[in-house]
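Analysis of the macromolecular model
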Amino acid sequence: MNKPMFKTISFLVGGILILVTGLLFVLITDLYMSNTSGWLFFSIIFSFGGGGLFLLSDNFKHKRGLFLILKSAGILISIGFIVYMFVFKNSDVFLAKITLKLLKNSQGFALTAEIGGFYMSWIILTILSVAAQGFNLLLHALYKEE
């Protein structure tokens, strides 16, 4: 088993995927749902906070306790982002259908799209990110760096 390769891949996938998912979530909900600043603020805190702490933990490999605490905190905040997205879906801001203002058909009418596909992709990407982060934490807890 190539442990360093699995550690690196799970580290990058877990950290970067949550950042990209959070960015897409903020972009789509702000542009097409007219999301309020409170919802946007907390989505940025959860997604960027979780990914940032997880990626920042790599700078503290020499301090094993702090290293594992930062990784765990990043995972917990990323799990908070999943919970946040479920709470967001039940809010008044969430729209089941959005009008894609940038895309128009040949008659000049803006297209209307269901948001369900976007929403499920955000949930799946975030769960994949948390799974990769958990796998990375498990590898680091089981196999110390030499």
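The structure we're discussing is the one just above.
This section reports on the structure supplied with the text. (Residues numbered from 1 in each chain as written. Predicted model: local features only at pLDDT ≥ 70, side-chain atom pairs only at ≥ 80, totals over all residues. Heavy atoms only, no water.)

**Digging into the overall build of the protein**
Of regular secondary structure, the protein possesses 4 helices and 2 strands. In sequence order, the protein lays out its α and β elements as α-α-α-β-β-α. The buried share of the protein, reckoned over its 146 residues, is 36%. Residue pairs at least 24 apart in sequence account for 74% of intrachain contacts in the protein once pairs closer than 6 positions are excluded. Looking at the protein as shown, the accessible area adds up to about 8,300 Å², and 71% of this sits on carbon and sulfur atoms. (Helix = DSSP H or I, 4+ residues; strand = E, 2+ residues; numbered from the N terminus. Buried < 20%, exposed > 50% of the residue type's maximum accessible area, 1.4 Å probe, protein only. Contact = heavy atoms within 4.5 Å. Areas by Shrake-Rupley, 256 points an atom, 1.4 Å probe, with all protein chains shown as cover.)

**Describing helix α3 (residues 64–89)**
Turn by turn, an α-helix covers 3.6 residues, leaving residues three or four places apart pointing in a common direction. Taking 1.5 Å of rise per residue, the 26 residues of α3 would be expected to cover 38 Å, and the 38 Å separating its terminal C-alpha atoms lies within 8% of that figure. Buried residues of α3: Phe67, Leu70, Lys71, Gly74, Ile75, Ser78, Gly80, Phe81, Ile82, Tyr84, Met85 and Phe88, and no others. (Expected span 1.5 Å × (residues − 1).)

**What about the environment of Gly52?**
By the secondary structure assignment, Gly52 is in helix α2 (residues 37–56). Taking the C-alpha atoms as reference points, Gly52 and Ile18, 34 residues apart in sequence, are found 9.2 Å from one another.

**Some words on the packing of helix α1 (residues 3–33) against α3**
For the pair α1 and α3, interaxial distance at closest approach is 12 Å and the crossing angle is 30 degrees. With respect to each other, α1 and α3 are oriented roughly parallel. Note that α1 runs across α3; the crossing there is left-handed. Every residue of α3 that contacts α1 at Phe11, Ile18, Thr21, Gly22, Phe25, Thr29 and Met33 is listed here: Lys71, Ser78, Phe81, Tyr84, Met85 and Phe88. Among the residues making up the contact of α1 with α3, the classes are represented as 8 nonpolar, 4 polar and 1 charged. (Axes fitted to C-alpha atoms, helices over the stretch in contact; angles between N-to-C directions. Parallel < 35°, antiparallel > 145°, perpendicular 65-115°, else oblique. Left-handed = near helix turned anticlockwise from the far one by under 90°. Nonpolar A, V, L, I, M, F, W, Y, C, P; charged D, E, K, R; others polar.)

**Regarding the nonpolar core**
Most often, soluble globular proteins keep nonpolar side chains buried together rather than apart. Listed in full, the 12 residues of the largest apolar core are Ile18, Phe25, Ile28, Tyr32, Met33, Phe81, Tyr84, Met85, Phe88, Tyr119, Trp122 and Ile123. Those elements that place two or more of their residues in this core are α1, α3 and α4 (116–142). Examining the composition of this core, we find that 5 residues originate from one element, α1, more than from any other. Grouped together as the second largest cluster of nonpolar side chains are 5 residues, Phe11, Phe54, Ile75 and Val130 included. (Core = buried A, V, L, I, M, F, W, Y, C linked by side-chain atoms within 4.5 Å.)

**Thoughts on α1**
Across its 31 residues, α1 extends 43 Å between first and last C-alpha, which sits within 8% of the 45 Å expected from 1.5 Å per residue. Of the residues one or two after α1, Ser34 is the one with positive phi, at around 50 degrees.

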